Amino acid sequence: MKWLSVKWLTIYAVVYMIFLYAPVILLPLFAFNTSTIIAFPLSGFTTEWFVGLWHTDTLHTALGNSMIVGLTTAVLSTLLGAFAARASARFTFPGKTGIVGLIMLPLVLPEIIVAVALLVMLNQLGMPLSLWTVVAGHVLICTPFSIAILSSAFRGLDRELEEASFDLGESRWGTFRRVTLPLVLPGVISSLLITFTISLDEFIIAFFLTGTDVTLPVYIWSQLRFPAKLPSVMALGTILLAVSVLLLIAAEALRRRSASRQGVETTLAGV
C-alpha cells in the first residue's frame, strides 16, 4: 500500500512538473525556429529573431523604461523593507501584529484589484499616469517580499554583536554600518534582486498605471496582436526568462549565504 502511494505521488509530481515547465521549454524552441507560425514541426534553426531585437527602437525605449522602474522599485522596496523588518525583529509596540499584517497584505490581494484601486485613487487626486505611478504600484507589491527576506536576516542576527559594539563606544550609526549591515548584506542584495525581477516581469499594474511611456511587459503585450511579431516576442521572452532565472538563482544563493553566515556568527557568540 505504501509502495502504491509513493508510485502515485511520483506520477503526480512528474505530471505537475511537465505541466509547469512545458511552456518554458517550448518558448526557446520556437524562438530559434525559422517559421513565423508557432506550430510543430519546426522548420529550421535561426537566430534572426534575436538579431532583429537590436534594431527595434521601441523595444529599446520600453527596456529603458523597465530598467528605470525596476531599479527604482528595488531600491525603494528594499529601504522600506529594511525599516519594517528591523522594527519587527527588534522592537515590540502596540498593534505590531496588525500593522505587519496590513503591510504584508498585498501578497495575497489580486494584482488587478490593487491596480484598479490605485488607478481610481490617482484619478481622484488628479495625478497624471507616468513611470513614477508604476513605480509607486510596484513598490506597494514588492515591499512585502523585501520584508519577508530581510525579516529572517534581522531575526537571525545576534544582538550581542551589536551590544559589544556599543560597549566599545561605537555609535548607533557606526554599529549599523560596521556590524549590522555587513551581516545582513547578502539578504539586502537578495531583496534587491528579487524585487527588481518582480518589477521587471510585472504586467497588470504597469498596464493600468503607465502613461505614454510603456514598460517592457506592456510592449510585449502590444506586439501579440500581430502574428508576424510572435517569433520576436518568443526571442525576447527567452532572454527575459534566462535573465529572471539567473537573478533568482543569485538571490537564493545570497539568501542562503546570509542564513549560513548568521548561523556561524551565532554559534561563535554562543561559544
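The rules behind these values
- Residues numbered from 1 in each chain as written.
- Predicted model: local features only at pLDDT ≥ 70, side-chain atom pairs only at ≥ 80, totals over all residues.
- Heavy atoms only, no water.
- UniProt positions renumbered as here; feature names shortened; annotations may be inferred.
- Patch = residues over 30% accessible without salt bridge, like charges linked within 9 Å, V, L, I, M, F, W, Y side chains within 5 Å.
- Areas by Shrake-Rupley, 256 points an atom, 1.4 Å probe, with all protein chains shown as cover.
- Salt bridge = Lys/Arg side-chain N within 4 Å of Asp/Glu carboxyl O.
- Helix = DSSP H or I, 4+ residues; strand = E, 2+ residues; numbered from the N terminus.
- Phe/Tyr/Trp six-rings, centres within 6.5 Å; stacked < 30°, edge-to-face > 60°.
- Buried < 20%, exposed > 50% of the residue type's maximum accessible area, 1.4 Å probe, protein only.
- 1 Å grid on protein atoms, 1.4 Å probe; cavity = no way out; pocket = protein on both sides within 12 Å on 5 of 7 lines; lining within 4 Å.
- Points joined across faces, edges and corners; volume = space filled by probe spheres on them.
- Nonpolar A, V, L, I, M, F, W, Y, C, P; charged D, E, K, R; others polar.
- Core = buried A, V, L, I, M, F, W, Y, C linked by side-chain atoms within 4.5 Å.
- Contact = heavy atoms within 4.5 Å.

As annotated in an unreviewed UniProt entry, the chain carries the name Spermidine/putrescine ABC transporter and is attributed to Roseovarius atlanticus. We quote the UniProt Sequence similarities (unreviewed entry) comment for the chain here in full: "Belongs to the binding-protein-dependent transport system permease family. CysTW subfamily." Under the heading Subcellular location (unreviewed entry), UniProt records this for the chain: "Cell membrane".

Caption draft 1: Layout of a nonpolar patch on the surface. Taken together, Leu9, Tyr12, Tyr16, Met17, Leu20, Tyr21, Val24, Ile25, Leu26, Leu29 and Phe40 make up a surface patch of nonpolar side chains, about 1,100 Å² in accessible area. Turning to its location among the elements, Tyr16 is positioned in helix α1 (residues 2-31).

Caption draft 2: Fine view of the packing of aromatic side chains. Inspection of the entire model under this criterion finds five aromatic pairs. Taking 6.2 Å as the distance between ring centres and 25° as the angle between the ring planes, the aromatic pair formed by Tyr12 and Tyr16 counts as stacked. Here Tyr12 and its partner Tyr16 are both found in helix α1, four residues apart, which amounts to about one turn of the helix. By relative accessible area, Tyr12 is classed as exposed at 56%. Pairing Phe207 with Trp221 gives two aromatic rings, centres 5.1 Å apart and planes at 65°, and the pair type is edge-to-face. With Phe207 in helix α9 (residues 204-209) and Trp221 in helix α10 (residues 216-223), this pair connects stretches of sequence that are 14 residues apart. Overall, Trp221 belongs to the partly exposed group, its relative accessible area being 39%. Here the aromatic cluster, defined as three or more aromatic residues joined through ring pairs, consists of Phe203, Phe207, Phe208 and Trp221.

Caption draft 3: Highlighting the layout of surface pockets. Put simply, the largest pocket is a space of about 390 Å³. Forming the boundary of the largest pocket are 17 residues, of which Ala82, Phe83, Phe154, Phe176 and Leu181 lie nearest the centre. Among the secondary structure elements, those contributing two or more residues to the lining of the largest pocket are α3 (57-90), α7 (159-167) and α8 (172-201). Top contributing element to the lining of the largest pocket by residue count: α8, with eight residues. A per-class count over the lining of the largest pocket returns eleven nonpolar, three polar and three charged. What the second largest pocket holds in volume is close to 310 Å³.

Caption draft 4: Summary view of the nonpolar core. Judged by nonpolar contacts, the single largest core of 25 residues is most densely connected at Leu59, Leu216, Tyr219, Ile220, Ala235, Leu236 and Leu240. Mapped onto this core, the elements with two or more residues apiece are α1, α2 (48-53), α3, α8, α10 and α11 (230-270). With eight residues, the single largest contributor to this core is α11. If sequence neighbours within four positions are ignored, Tyr219 has contacts with Thr56, Thr58, Leu59, Ala62, Val214 and Leu236. One finds Ala115, Val135, Cys142 and Val218 within the second-largest nonpolar core, a separate group that totals 16 residues.

Caption draft 5: The UniProt feature "transmembrane region" (unreviewed entry) in the chain, seen in detail. Under the feature "transmembrane region" (unreviewed entry), the UniProt entry names residues 12-42, 62-85, 97-123, 129-150, 183-210 and 230-251. In residues 62-85, the share of helix is 100% and the share of strand is 0%. The end C-alpha atoms are 33 Å apart. Segment residues 230-251 splits into 100% helix and 0% strand. End C-alpha atoms: 31 Å apart.

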